[in-house]
Amino acid sequence: MNDATSGYELLLRRPAPPPETIPLLKRAWDARRTEDWLLNGTWPEGRSAPGEHLTAAGTDRGGRWAVHDGERLRAADCEWLRHITEVQAVRRTWWRTHWQSWPPRAGQTREPREVRIALDCDPDSPVQMFQLYVALADDQMPLGAPELRTFHPDADTEMPTEAAVVIETNPAAADLLEWLAWLLFDGRRSAAR
């Protein structure tokens, strides 16, 4: 591995993700780097330094390998890696099939669909304070990048209200959040890149 950059330098650049999301994002960051190495033999730009979860990588007679959370993984393990990353990152999802525009727009023939993904940033909290909102295309696959949102400070988090405050993040964090969202859709984006 090349130690040219800090393992999380790009992830933590300004505007950085909220501090409460950092442990979850570091885990996902390392899982994505592990997958890129095992499937493609590449490291995403600036992401080659060891991290907390991806601690070693190399090649041997069996091909590429990586040590992620103490497990020595190969390319055949990437589906499991995506699954376990999804389980550790996503607490809950909501699918919205119809939006009701207000006021209704003349000539509106279809309504966009979306999925809301509650990130499991604090397993001890009953409230999922950070959520990804992802628009869905006609094929029920994500359409564009997700938005990271949270609640207004005075929102009643006991009610199933919308997380309406959009949180801006740097490009590396935004790309990672998109990768996380795609895990719910069988990881097609990650396998294709």
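Before any of the text, the structure's been laid out above.
A short tour of the structure in this document, coming up. (Residues numbered from 1 in each chain as written. Predicted model: local features only at pLDDT ≥ 70, side-chain atom pairs only at ≥ 80, totals over all residues. Heavy atoms only, no water.)

Focus on the overall build of the protein chain
Point 1. Within the protein chain one finds 5 helices and 8 strands.
Point 2. Reading the protein chain from its N terminus to its C terminus gives the helix and strand order α-α-β-β-β-α-β-β-β-β-β-α-α.
Point 3. When burial is assessed residue by residue, the protein chain has 46% of its 193 residues classed as buried.
Point 4. The long-range fraction of contacts in the protein chain, counting pairs at least 24 apart against all pairs at least 6 apart in sequence, stands at 53%. (Helix = DSSP H or I, 4+ residues; strand = E, 2+ residues; numbered from the N terminus. Buried < 20%, exposed > 50% of the residue type's maximum accessible area, 1.4 Å probe, protein only. Contact = heavy atoms within 4.5 Å.)

Quick look at the packing of helix 2 (residues 22–40) against helix 4 (residues 171–183)
Helix packing for two helices is described by the angle between their axes and how far apart those axes are.
Point 1. It is the contact of helix 2 with helix 4, at a shortest axis distance of 10 Å, that shows an interaxial angle of 75°. Looking at the two axes, helix 2 sits roughly perpendicular to helix 4. Here Leu24, Leu25, Ala28, Trp29, Ala31, Arg32 and Glu35 of helix 2 come into contact with helix 4, specifically with Ala172, Asp175, Leu176, Leu177, Trp179 and Leu180.
Point 2. Taken together, the residues of the contact of helix 2 with helix 4 break down into 10 nonpolar, no polar and 3 charged. (Axes fitted to C-alpha atoms, helices over the stretch in contact; angles between N-to-C directions. Parallel < 35°, antiparallel > 145°, perpendicular 65-115°, else oblique. Nonpolar A, V, L, I, M, F, W, Y, C, P; charged D, E, K, R; others polar.)

With respect to the environment of Ala28
Point 1. When you line up the elements, Ala28 lands in helix 2.
Point 2. Judged by relative accessible area, Ala28 falls into the buried class, the value being 1%.
Point 3. With 53 residues separating them along the chain, Ala28 and Leu81 place their C-alpha atoms 9.9 Å apart.
Point 4. Apart from the residues within four sequence positions on either side, Ala28 is in contact with Thr85, Leu176, Trp179 and Leu180.

Thoughts on the packing of helix 2 against helix 3 (residues 78–89)
Point 1. Their axes nearest at 10 Å, the elements helix 2 and helix 3 cross at an angle of 170°. As summarised for this structure, helix 2 and helix 3 are arranged roughly antiparallel, according to the angle between their axes. Residues Leu24, Arg27, Ala28, Ala31, Thr34, Glu35, Leu38 and Leu39 of helix 2 pack against Cys78, Leu81, Arg82, Thr85, Gln88 and Ala89 of helix 3.
Point 2. Split into classes, the residues belonging to the contact of helix 2 with helix 3 amount to 8 nonpolar, 3 polar and 3 charged.

A few points about the packing of aromatic side chains
Point 1. Within this structure, the stated rule accounts for 1 aromatic pair.
Point 2. Measuring from ring centre to ring centre gives 6.1 Å for Trp182 and Phe185, while their planes differ by 65°; the resulting arrangement is edge-to-face.
Point 3. Assessed through its relative accessible area of 14%, Trp182 is described here as buried.
Point 4. Across from the ring centre of Trp37, 6.0 Å away, lies the NZ or CZ of Arg64, which sits over that ring.
Point 5. Arg72 extends its terminal NZ or CZ atom over the ring of Trp65, reaching a point 3.9 Å from the ring centre. (Phe/Tyr/Trp six-rings, centres within 6.5 Å; stacked < 30°, edge-to-face > 60°. Lys NZ or Arg CZ within 6 Å of the ring centre and 35° of its normal.)

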